[in-house]
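One-letter residues, chain by chain:
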Amino acid sequence: MTTYARRLGLFSGTMVVIGGIIGAGIFRNPTEVAKRVGSPELIMGVWILGGAIALLGAFCWGELGARKPEAGGSYVYLRDAFGEVPAFLYAWSLLLVMATGAIAGVAVTFANYAVALFGLAERATLPLAIGAIALLSGVNYVGVRPGAITQNVFTVLKLVPLAILIAVGVAASGVAPTSATTPLAGGQGALVIAVGWALVPILFSYGGWQQANFIAEEMIDARRNLPRALLIGVAAVVAVYLLANFAYLRLLSAEGLAATPSPAADAMRSALGPAGGTLIAAGIVVSTFGFLNLVILVSPRVYQAMARDGLFFAGIARLHPRFRTPTTAILVQAGWATALALSGTYGDLVDWVVFGDWTFFGLTAATLFVYRARDRAGDSTDGTGRGDFRAWGHPVTTGLFVAAAVFVVGSSVLAHPANAARGTAVIGLGLPVYWLWRRRRTRSVGAGP
């Protein structure tokens, strides 16, 4: 039986964590945060708070990965703690919309910036997006190491424009007028609401570290290296995000940051002229391409784990005997993502299930309570080992992370109730599909060899 090959070390794992978090969000979302809280102190404060929540998540996923370093990550933890239904719905949502819709959307974003950067005809956008999906799917088809090398290179490259932005911002003392702190109307209650509202785009910007757990079965000494990669990677991203926001405030001021739809480009143009805007455009091209590779690399491991449990097509469960990758799962993902890109519906679909990411974040973190309870009861029937890594401050810190996830989901539902209803329906479509596959598996087992 072909198994995954453990070929990824600590550095590659850390690059997966960083690459899974940094996409295009840090180039755009600071504007939304500035609009919602206003003052420089609050802007920096909410980004620090969001970073602290992300670190709590890294601790949770570090322990989960050390306990069960298997391909599939959150799917495996949900299945073992809460049963097959939530696990299947997670994998179903990932394949139907969350991963494939993200692939389609990020590919088109990459192509839009690339067309503008290189002066190509606008009609080249869609072929370029589909070509990027095909190219990166091919790279990841032939082995996890080529995919990881691609990820490492583009993660380092995407940090370069951010490093330049930070350096320019730190050096540009007095370029933008210092903004005075403006008290929010409505007192403390309004402040709490504003901070909570600002946390929504921040936490979405920080999300993505959990994808490293999808490839745990391919990491060398995963019980040790996966938690380390999570903590190092998330801490590095928190530092980059805080410094980037500091640079935005130095170059644009809080008012200027709130007023611009493209803070990174405007900040760099204000300091370096047109060359600065071109540099940021190139940075977004590199960043989106790297993020695209990351999603294509890790997500098929979830579909493969689901199929391995008999809940999806048997061919998707098989690994290539030479490349040791879930090649059929990669092809299915590429095909569906391409179809979504061609249809142009991916944007609406992703908007509908955007709350689903943090719904499953909260559920996955909550599995840690189940595992710890089994530890106390001496129950190891699920084959889960304790591992050497323990989440700091559990159960308080885990509870805080779950509460943050509930808040994000609740805020998303209140902000877009119609989208939440549609998204719930899309995720709920997985229930009849689950029962169909469960019935098929039962028949197969009953029929015997």
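You'll find the structure just up there.
Criteria and cut-off values
- Residues numbered from 1 in each chain as written.
- Predicted model: local features only at pLDDT ≥ 70, side-chain atom pairs only at ≥ 80, totals over all residues.
- Heavy atoms only, no water.
- 1 Å grid on protein atoms, 1.4 Å probe; cavity = no way out; pocket = protein on both sides within 12 Å on 5 of 7 lines; lining within 4 Å.
- Points joined across faces, edges and corners; volume = space filled by probe spheres on them.
- Helix = DSSP H or I, 4+ residues; strand = E, 2+ residues; numbered from the N terminus.
- Nonpolar A, V, L, I, M, F, W, Y, C, P; charged D, E, K, R; others polar.
- Contact = heavy atoms within 4.5 Å.
- Buried < 20%, exposed > 50% of the residue type's maximum accessible area, 1.4 Å probe, protein only.

Undergrad: Before we go on, may I ask you to explain empty space enclosed by the protein in this structure?
TA: Vacant regions in the atomic arrangement are exposed by a probe of water-molecule size rolled over the atoms. Inspection of the entire model under this criterion finds one cavity of 30 Å³ or more. Lining the largest cavity, in full, are Ser74, Tyr90, Gln210, Asp357, Phe360, Phe361 and Thr364. Here the lining of the largest cavity gets four residues from one element, more than from any other, and that element is helix H16 (residues 354–377). Its residues assigned to classes, the lining of the largest cavity shows three nonpolar, three polar and one charged.

Undergrad: Just checking my understanding: could you explain the side chain of asparagine 29 for this structure?
TA: With respect to the helices and strands, asparagine 29 occurs in helix H2 (residues 25–37). Leaving out residues up to four positions away in the same chain, asparagine 29 has contacts with Pro201 and Ser205.

Undergrad: What's the story with the environment of alanine 132 in this structure? I'm lost.
TA: Mapped onto the fold, alanine 132 is located in helix H6 (residues 125–141). Taking the C-alpha atoms as reference points, alanine 132 and alanine 111, separated by 21 residues in sequence, lie 8.4 Å from one another. Ignoring any residue separated from it by four or fewer positions in sequence, one finds alanine 132 in contact with Phe110, Phe289 and Leu292.

Undergrad: Would you mind going over unusual backbone geometry with me for this structure?
TA: Most of the time, phi is negative for any residue but glycine, and the peptide bond is trans. Note the cis peptide between histidine 394 and proline 395, where omega equals 10°. Mapped onto the elements, proline 395 comes out in the loop between H16 and helix H17 (396–415). Although it is not a glycine, aspartate 221 adopts a positive phi angle of roughly 50°. Among the structural elements, aspartate 221 can be located in the loop between helix H8 (187–206) and helix H9 (222–259). Take aspartate 221: its relative accessible area is 43%, and that puts it in the partly exposed class. Look at arginine 324: it is not a glycine, yet its phi comes out positive at around 60°. Tracing the sequence through the fold places arginine 324 in the loop between helix H13 (314–317) and helix H14 (327–343). Taking the relative accessible area as the measure of exposure, arginine 324 reaches 24% and is therefore partly exposed.

Shape is all these values report; function is a separate question.
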